[in-house]
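Residues per chain are reported as follows:
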Amino acid sequence: MRSLQDTLYNWLTIKVVAEARPDDKSANDTMKLFEGILLEDHKLSNIVVSKEEPMYYVEYEKDEERHKARFPIELIDVMLEQIQNEPDKYHNYE
């Protein structure tokens, strides 16, 4: 099992891509995969994401306690920026 921090990071990174590219089936499928790991393996609930320069914040409940993680925007947005800068390399496939 991946660490919670790694899973949150991967989920948030692909979530940003999936939200920017709603027709990207691969991004949406990958986001759902990581979301399933968060919910089922790590037992998180009530996950909320907010963005305030210079961080993304992910709040969630685990074991009936509220927790908060933070990630630099520049690290989370790097995948989306790569896709936007070189769209010919990132096609949507059915």
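To keep things clear, this report deals only with the structure shown in the data block. (Residues numbered from 1 in each chain as written. Predicted model: local features only at pLDDT ≥ 70, side-chain atom pairs only at ≥ 80, totals over all residues. Heavy atoms only, no water.)

## Points about unusual backbone geometry
Look at the link from E53 to P54: it is a cis peptide, with omega at 5°. Residue position: P54 is located in the loop between β1 (45-52) and β2 (55-62). Within the chain, D63 stands out as a residue other than glycine whose phi angle is a positive 55°. Along the chain, D63 falls in the loop between β2 and β3 (65-72). (Helix = DSSP H or I, 4+ residues; strand = E, 2+ residues; numbered from the N terminus.)

## Some thoughts on the pairing of β3
Taken together, the eight bridges between β2 and β3 define a ladder with antiparallel strand orientation. Residue pairing in the sheet places V58 in a bridge with A69 of β3. Counting the residues between successive antiparallel strands, the hairpin from β2 to β3 contains two residues, one of them, D63, with a positive phi of roughly 55°. (Pairing = 2+ DSSP bridges.)

## A word on helix α2 (residues 25-41)
Taking 1.5 Å per residue as the helical rise, α2 with its 17 residues ought to reach 24 Å, and the 23 Å between its terminal C-alpha atoms agrees with that figure. Every buried residue of α2 is listed here: A27, N28, M31, F34, G36, I37 and L38. The elements touched by buried residues of α2 are α1 (4-20) and β1. Its side-chain oxygen at 3.2 Å from the backbone nitrogen of S26, D24 defines the N-terminal cap of α2. In the stretch just after α2, K43 is the one whose phi turns positive, near 60°. (Expected span 1.5 Å × (residues − 1). Buried < 20%, exposed > 50% of the residue type's maximum accessible area, 1.4 Å probe, protein only. Contact = heavy atoms within 4.5 Å. Polar contact = N/O pair within 3.5 Å; in protein donor to acceptor, adjacent residues only side chain to side chain.)

What is shown is where atoms sit, not what they do.
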